[in-house]
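# A structural walkthrough
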Amino acid sequence: MILWLWLCWGFSTSAGQPDSELMARYLEEELMADYSIMEQVARRVPRQAKFLQRLETRPRMSEFTVKSTIISRYAFTTVSCTMVNSGSEAREAVFEMQIPAAAFISNFTTSIGNKTYYGEVTGKEKKHNSDDKARHKKPPSPTDGRENGYETFKASVFIPRKMQAKFLLHYEELLQRRLGKYEYTVSIRPQQLVGRLRVEVNILENSGIVSLEVPPLRNSKHKGNGKVEGDVSPPPSTVVGHTKTLAKVTFNPSVVEQTRIARNGILGDFIIRYDVNRELSVGDVQILNGYFVHYFAPTDLPPLPKNVVFVLDSSASMVGTKLKQTKEALFTILQDLRPEDHFNIIGFSNRIKVWQQDRLVPVTPNNIRDAKKYIHNMSPTGGTNINGALQTGAKLLNDYIAQNDIDARSVSLIIFLTDGRPTVGETQSSKILSNTKDAIRDKFCLFTIGIGNDVDHRLLERMALENCGMTRHFQEDEDAASHLKGFYDEIGTPLLSDIRVDYPEDNVEQVTQNFFPNYFNGSEIIIAGKLINRTSDSLHVEVTASNSKKYILLKTDVAIDLPSRNDIRGVPGLEDGKGDKNYIERAWSYLTIKELLNSRLKSDDNQEKDYLMEKAKSMALTYNFVTPFTVLKMREAGLHSEPPQEEFISPSTDGIGEKLQSLQGHKAPPGIRRQQDKQRIKISKTSADGDPHFVIDFPSSKFSICFNIDGEPGDILRLVSDHKESGVTVNGQLIGAPAPPNGHKKHRTYFSTITILSNKPERSYLEITPKRIILDDGERLLLSCDRSAIVRSSSLEVSISANSNITVTIRDTISFVILIHHYKKPAPYQRDHLGFYISNSKGLSSVSHGLLGQFLNHEVKLLQESLNTSHQQVGQNQTEALQPNPTNTLKVKGRLIPVVWKQRRIYNGQQEVDCWFAKNNADKLIDGSYKDYLASHPFDTGNSFGTINSL
């Protein structure tokens, strides 16, 4: 029998059919019962004996399961692993799991036979031995994982013969948005083939899930993985299903499918990427059980100009792959610079070489070509003068900002890259940090990149932290060039600067960072806090920021009682969740601890460092987080405890050694709060609203006139035309609707779009509909009408009152108010439409024209016909005594127009206006006829009959 088994093994191996690991398991199961037989085999076939002995020393992993729930970007992950010792004596089993460096471990449990051991998070003593084995998690190596983004959790136990051990690891993390996607990653590296391997990820995003994708398994050290280049299909056995707000992704490969991926059990990283629906508003504010979290990631914004200095290490240690990949990445990055950007390049070793002395150059084809030549000719030599390079870069950028009339809202930054530690000049880290901070002086941000294993990643991390930047660490591998380019892509498109988020001081407390120097395209700003007054119905939120030449204020009131939206009970796929029901509170604790860790890292004051450490430790103990100041100690639960169950314990989150993967910010400085909005502009009666009904108010004469324009659907009416003088034009486009039953009209018309154009002092236009606003002053900005906001530039301000009205102010002397008419249940003859009101016309010239504009600076007289047919002018004290009489007459520019007394409703029907009504499409009241006021297109600026211009 023994010989037969051995012959079968030899035949199968030579035939190349069953996998060697599968055959090994078969031999193990068949032969472990009688070790005397194994000894005989060992004497006869020593190679096979060594192989079997090697198998015996390795407990078999029978099950590896990962289950995760992601709720509003906050991920709870449980890893379950079962190992079986089929041997005749106790063997060591090692459970090893790579977890994101930004994650906090919240619990670890293991059961061996009828004994269960659970992890207890305790505070670390100030002088705690760093190699405490009870924590079961080795200190992270700076080379672990891709981009230093992972740490290895490792635990080992001895399993008695013929028994099994089960491990349960729980950790939590707040997903960071990069390049427009959230990325959730699970490391699947069990080191052997597993009989039952399963990954299940459930995602709940109330904002709506978009762009869900599952790319192939990622393994940076074994790039092939059987995948052809360009293959973007999910790993085999992956099943993806989702609705608008829910998604479920499973990965359940059989042993055969695992073998096709990797025979050694190192499958790689299972990745899920997705984004959520969003718009330019205050963002997504979620409130639950007295805590809130605020996600802000606006889109559709024009990029800000950049002033960037690249500081590149060219020391001798960069020789070979590192410098080659740096050059490749920089060639691509230079090509991506925009025409409005300015840049320069500094190469440093023991000497510092500046490409263009004392200036930043604009992005032109010739400058990009010359820059590429300079980078191509860089050669590795000498030592590493980090301090000198940063001082030179900071002085270059400071001088450029001071001596040039740069755009006030452009973004200035230094991108610093090195592979080593300081060896030339100033080498003391504390001095380099203080020198760098003194040189930058909070005027711009510093972004640092480390390559390879010799870099001082702590120095680079703190330099970035103290100067509002971010840091990344990359391995020296075949992906380094693409990683460098990817990091630049994260910071290469600034959209907003000086972002500040405010909440009422008497409503919230313990709010995390609420001021951020920059917001980059594809990223996200996250703020969290506690509510003081839980009885309040709403939370007021205001976001202020700058975008190019515009100042933006976004504001809204968020309902506090939203159990149906933020309570996850009863959500399919999340039934097992326990602690994840308080996910918003845990997200707040996660961010708060991160903030404390970062503040301590930046501090040079020992007393302050101790205070921050104790505060972070206290919060970590409250929420059961493993941090640099807490440890995980194993306790025995008892002889008869139940084995650990696969369930989500209270959410956990951490990131020991996190590399600032999100925007760095700080709390806005205390002091006087931003002044309240200006008093609402009063709306005059002069307007065009409804079907459309026109009203012209003459305050000095104490009467109003009114008329109708019965246009055709699609007609574009000139309302105000003053292009040659003040530079302002207002056009309104009509939309049609059926006439009401038993009405005298064949159809109704309403204003569907109002276009406001201005060319002084600079070109800009607004296109307004009941749903959205497009503002274009050389840079296009899209705003939603259902969110309150203020956008301000040097000569234009747009203020939106959500679902109510838009106020447009030009040079502080011209103001228009556009009312938004929405119908919840519209009748067949009703359409969502706009009303146009002139609030301030002081800035319009005396020759302004248009259906409304022609009356703004002209006197209109009201006459009353006497019995002898002579006309008598009506005085101001007689106007109110006039009765509706068909013989009443208006005198306009020498023309006599019969009018009748009417009442009109304006302001959404909230006010009635008494007016003198002119019939027949305002015949003789207006200059010319109705058709003379038709524009050829919404941007037609013609201001005299028969004239067509375009802005």
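Residues numbered from 1 in each chain as written. Predicted model: local features only at pLDDT ≥ 70, side-chain atom pairs only at ≥ 80, totals over all residues. Heavy atoms only, no water.

For the rest of this paragraph, the subject is the overall build of the chain. The helix and strand tally for the chain stands at 14 helices and 50 strands. Scored against the burial criterion, the 951 residues of the chain give a buried share of 56%. Here the analysis covers contacts within the chain between residues at least 6 apart in sequence; of these, 70% occur between residues at least 24 apart. Approximately 40,900 Å² of the chain is accessible, and the part contributed by carbon and sulfur atoms is 48%. (Helix = DSSP H or I, 4+ residues; strand = E, 2+ residues; numbered from the N terminus. Buried < 20%, exposed > 50% of the residue type's maximum accessible area, 1.4 Å probe, protein only. Contact = heavy atoms within 4.5 Å. Areas by Shrake-Rupley, 256 points an atom, 1.4 Å probe, with all protein chains shown as cover.)

Burial analysis of strand β33 (residues 703–708) places six of its six residues in the buried class, which makes it a mostly covered element. The turn joining strand β32 (residues 693–698) and β33, which pair antiparallel and follow one another in sequence, is formed by four residues; a positive phi near 60° is taken by Lys702. (Pairing = 2+ DSSP bridges.)

So, about the state of the cysteines. Taken as a whole, this structure holds two disulfides when the rule is applied. A sulfur-sulfur distance of 1.9 Å marks the disulfide that ties Cys445 to Cys468. Given an S-S torsion of about -110°, the disulfide between Cys445 and Cys468 has left-handed geometry. With a gap of 23 residues between them, Cys445 in strand β22 (residues 445–451) and Cys468 in the loop between α10 (457–466) and β23 (471–474) connect regions that are remote in the sequence. With relative accessibility at 2%, the residue Cys445 sits in the buried group. A residue is classified by how much of its surface remains accessible, and Cys468, at 24% relative accessible area, is partly exposed. Disulfide connectivity for the chain, with bonded cysteines indexed by sequence position, reads 1-2, 3-4. (Disulfide = S-S within 2.5 Å.)

Our focus in this paragraph is the sheet that holds strand β27 (residues 525–531). Across a sheet, paired strands are connected by hydrogen bonds in the backbone, their directions being either parallel or antiparallel. One open sheet holds the four strands; their spatial order is β15-β16-β27-β25, and the pairing between them is antiparallel. Two strands in the sheet have a free side with no partner beyond their single neighbour: β15 (284–288) and β25 (508–509). Taken together, the five bridges between β15 and strand β16 (residues 291–296) define a ladder with antiparallel strand orientation. Bridging across to β16, Asp284 finds its partner in Tyr295. Strands β15, β16 and β27 of the sheet are contacted by helix α13 (residues 583–602), whose axis makes an angle of about 115° with β27. (Axes fitted to C-alpha atoms, helices over the stretch in contact; angles between N-to-C directions.)

Looking now at the confidence of the model for the chain. Across the chain, the average pLDDT comes to 80, with 78% of residues at 70 or higher. Contacts of residues 128–147 to residues separated by more than four positions or lying in other chains number 48 contacts, the stretch itself having pLDDT below 50. (pLDDT = per-residue confidence, 0-100.)

A separate point is the environment of Val631. Position of Val631 relative to the elements: it lies in strand β30 (residues 630–638). In the structure, Val631 is positioned 507 residues away from Lys124 in sequence and 5.9 Å away in space, judged by C-alpha atoms.

Attention now goes to the side chain of Thr384. As for its placement among the helices and strands, Thr384 is situated in the loop between α7 (365–376) and α8 (386–403). Given the relative accessible area of 5%, Thr384 is considered buried. Dropping the residues within four chain positions of it, Thr384 is found in contact with Asp313, Ser315, Phe348, Ser349, Thr418, Arg421, Pro422, Thr423 and Val424.

Compared with an ideal rise of 1.5 Å per residue, which puts 18 residues at 26 Å, helix α14 (residues 606–623) spans 26 Å between its outermost C-alpha atoms and is within 8% of the ideal. Taken together, the buried positions of α14 are Lys609, Leu612, Met613, Ala616, Lys617, Met619, Ala620 and Tyr623. Sitting at the amino-terminal end of α14 is Asp605, which places a side-chain oxygen 3.0 Å from the backbone nitrogen of Gln607. Within two residues after α14, Asn624 carries a phi angle of roughly 65°, on the positive side. (Expected span 1.5 Å × (residues − 1). Polar contact = N/O pair within 3.5 Å; in protein donor to acceptor, adjacent residues only side chain to side chain.)

Next up on the list: the packing of aromatic side chains. For the structure on display, the rule yields 26 aromatic pairs. An aromatic cluster is built from Tyr74, Phe76, Phe104, Tyr291, Trp588, Tyr590, Tyr623 and Phe625, whose rings are joined through pairwise contacts. One residue, Arg73, lies across the ring of Tyr295, its end atom 4.0 Å from the ring centre. Lying across the ring of Phe104, Lys594 places its NZ or CZ 4.6 Å from the centre. (Phe/Tyr/Trp six-rings, centres within 6.5 Å; stacked < 30°, edge-to-face > 60°. Lys NZ or Arg CZ within 6 Å of the ring centre and 35° of its normal.)

This paragraph deals with the packing of α8 against helix α9 (residues 429–440). Two quantities define a packed helix pair, namely the angle between the axes and the distance from one axis to the other. Packing of α8 against α9 brings their axes to within 9 Å, and their N-to-C directions diverge by 5°. As summarised for this structure, α8 and α9 are arranged roughly parallel, according to the angle between their axes. Taking contact as the criterion, the partners of Ile386, Asn387, Leu390, Gln391, Ala394 and Asn398 in α8 are, on α9, Ile432, Asn435, Thr436, Ala439 and Ile440. Looking at the contact of α8 with α9 residue by residue, the classes come out as six nonpolar, five polar and no charged. (Parallel < 35°, antiparallel > 145°, perpendicular 65-115°, else oblique. Nonpolar A, V, L, I, M, F, W, Y, C, P; charged D, E, K, R; others polar.)

Another aspect to go through is α9. With twelve residues, α9 should reach 16 Å at 1.5 Å per residue; the first-to-last C-alpha distance of 17 Å fits that figure. Residues of α9 that are buried: Ile432, Leu433, Asn435, Thr436, Ala439 and Ile440. One or two steps after α9, the chain reaches Arg441, where phi turns positive at roughly 55°.

Take the packing of α10 against α13 next. As a packed pair, α10 and α13 sit with axes 10 Å apart at the nearest point and diverge in direction by 105°. Taken together, α10 and α13 sit at an angle that is classed as roughly perpendicular. Note on element contacts: α13 touches α10 through Asn598, Leu601 and Lys602, opposite Arg458, Glu461, Arg462, Leu465 and Glu466. Of the residues in the contact of α10 with α13, the class split is two nonpolar, one polar and five charged.

This part takes up the side chain of Thr729. Tracing the backbone shows Thr729 in strand β35 (residues 728–738). Owing to a relative accessible area of 0%, Thr729 belongs among the buried residues under this scheme. What Thr729 contacts, discounting residues up to four positions off in sequence, is Val720, Asp722, His723, Thr755, Ile756, Leu757, Asp940 and Thr941.

Our next topic: the sheet that holds strand β9 (residues 181–188). Read across the sheet, four strands follow the order β8-β9-β14-β11 without closing on themselves; strand pairing throughout is antiparallel. Two strands in the sheet have a free side with no partner beyond their single neighbour: β8 (177–178) and β11 (209–213). As paired strands, β11 and strand β14 (residues 268–276) are joined by three bridges and run antiparallel to one another. What sits directly across from Glu213, in β14, is Arg273.

Leave glycine aside and you will find that most residues have negative phi; peptide bonds, for their part, are mostly trans. Put simply, Asp691 and Pro692 share a cis peptide bond, and its omega is -25°. Position of Pro692 among the secondary structure elements: in the loop between β31 (687–689) and β32. For Arg441, which is not glycine, the phi torsion reads 55° and is therefore positive. Relative to the helices and strands, Arg441 is located in the loop between α9 and β22.

Quick look at the pattern of salt bridges now. A side chain with one charge may pair with a side chain of the opposite charge, provided their charged atoms come close. A complete count under the given rule lists 37 salt bridges for this structure. Measuring nitrogen to oxygen at the nearest pair gives 3.4 Å for the salt bridge that ties Glu183 to Arg218. One end of the pair, Glu183, is in strand β9; the other, Arg218, is in the loop between β11 and β12 (238–242), and 35 residues separate them in sequence. Note that Glu213 and Arg273 form a salt bridge whose closest N and O atoms lie 3.3 Å from each other. (Salt bridge = Lys/Arg side-chain N within 4 Å of Asp/Glu carboxyl O.)

What follows is about the environment of Ser111. For Ser111, the location among the structural elements is in strand β4 (residues 104–112). What makes Ser111 buried here is its relative accessible area of 6%. When the C-alpha atoms of Ser111 and Thr82 are compared, they prove to be 9.5 Å apart, with 29 residues separating the residues in sequence.

The next thing to look at is the pairing of strand β24 (residues 494–502). Among the nine residues in β24, seven count as buried, and that is most of the element. The pairing of β24 with strand β26 (residues 515–520) spans five bridges and is antiparallel. Note on β26: the bridge partner recorded for Leu496 is Tyr519. Across four bridges, the pairing between β24 and strand β28 (residues 538–547) is antiparallel. Within β28, the position partnered with Ser497 by the bridge is Ser546.

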